[in-house]
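Chain residues, written in single-letter form:
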Amino acid sequence: MCLFCDIIEGKIPSSKVYENEKVLAFNDINPAAPVHVLVVPKKHFDDINDMASDPEGEIYMGEVIRAISEVAKIKGLENGFRTINNCGEDGGQTVKHVHFHVIGGLKLTEKMI
Ligand code: 5GP
Ligand code: ZN
């Protein structure tokens, strides 16, 4: 069982921001900023490495990038935003379905890199 697959299938409710055939974007349940959206491919990939090794990974990654840009427009982030992917144990990934955090709505100052 995978939490985000259940959200994609509508078995668990979510607050949808954007959707197309290949991706779903929904509000994070525990937002770290005024805007905090998760963009997920509708096909299950465990993480970035799993996506990279799958023949369909590229197609879904392209859709993810377009969806991130759509989310930014929908949420009025014309001044910028931050996209984060946590991968694996050391990356702090808690949900094992690859996802991209889109965070904004304030001036982000903490800069790790
Ligand atoms: P990770 O730490 O894996 O990069 O991020 C997982 C994110 O999923 C967290 O920011 C957490 O708040 C969010 N999350 C966990 N469970 C749910 C849920 O049931 N619904 C929604 N919308 N977000 C969730
Ligand atoms: Zn999944």
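See the structure above.
Everything in this summary refers to the structure shown in the same document. Only a predicted model underlies this, so the values are computations on that prediction, with no experimental measurement involved. (Residues numbered from 1 in each chain as written. Chains lettered and ligands numbered in written order. Predicted model: local features only at pLDDT ≥ 70, side-chain atom pairs only at ≥ 80, totals over all residues. Heavy atoms only, no water.)

### Details of the coordination of the zinc ion (ligand 2)
Coordination of the zinc ion (ligand 2) by the protein involves Cys2 (SG), Cys5 (SG), His44 (ND1) and His97 (ND1), with metal-donor separations of 2.1 to 2.3 Å. Around the zinc ion (ligand 2) sit four donor atoms; with metal-centred angles ranging over 101 to 118°, the donor geometry is tetrahedral. For the zinc ion (ligand 2), the donor residues sit on a single chain with the sequence spacing C-x2-C-x38-H-x52-H. Of this pair, cysteine 2 sits in the segment before α1 (3-8) while histidine 44 sits in the loop between β3 (35-41) and α2 (48-52), and the two are 42 residues apart along the sequence. On the basis of relative accessible area, cysteine 2 is assigned to the buried category, the value being 13%. (Donors = N, O, S within 2.8 Å, 3.2 Å for Na, K, Ca; no water. Tetrahedral: all angles 85-135°; square planar, octahedral: opposite > 155°, others 65-115°. Helix = DSSP H or I, 4+ residues; strand = E, 2+ residues; numbered from the N terminus. Buried < 20%, exposed > 50% of the residue type's maximum accessible area, 1.4 Å probe, protein only.)

### Digging into the site of ligand 1
Around ligand 1 there are 16 residues in total, and Asp28, Asn86, Thr94, His99 and His101 lie nearest to it. One of the side-chain nitrogen or oxygen atoms of aspartate 28 is found 2.5 Å away from an oxygen atom of ligand 1. For ligand 1, an oxygen atom lies 2.7 Å from a polar atom in the backbone of threonine 94. Relative to its free-state accessible area of 530 Å², ligand 1 is covered by the protein chains to the extent of 82%. In terms of residue count, α1 provides more of the shell around ligand 1 than any other element does, three residues in total. (Near = heavy atom within 4 Å. Polar contact = N/O pair within 3.5 Å; in protein donor to acceptor, adjacent residues only side chain to side chain. Areas by Shrake-Rupley, 256 points an atom, 1.4 Å probe, with all protein chains shown as cover.)

### Focus on the sheet that holds β3
In space, the five strands of this open sheet follow the order β1-β2-β3-β5-β4, with antiparallel pairing throughout. Looking at which strands have only one partner, the edges of the open sheet turn out to be β1 (16-19) and β4 (82-84). Going across the sheet, the axis of each strand differs from the next one's by a mean of 20°, ignoring polarity. Of the pairings in the sheet, the one linking β1 to strand β2 (residues 23-27) comprises three bridges and is antiparallel in character. Paired with tyrosine 18 across the two strands is alanine 25, which belongs to β2. Against the sheet, helix α3 (residues 57-74) contacts β1, β2, β3, β4 and β5 (100-104), and its axis sits at roughly 155° relative to β3. (Pairing = 2+ DSSP bridges. Axes fitted to C-alpha atoms, helices over the stretch in contact; angles between N-to-C directions. Contact = heavy atoms within 4.5 Å.)

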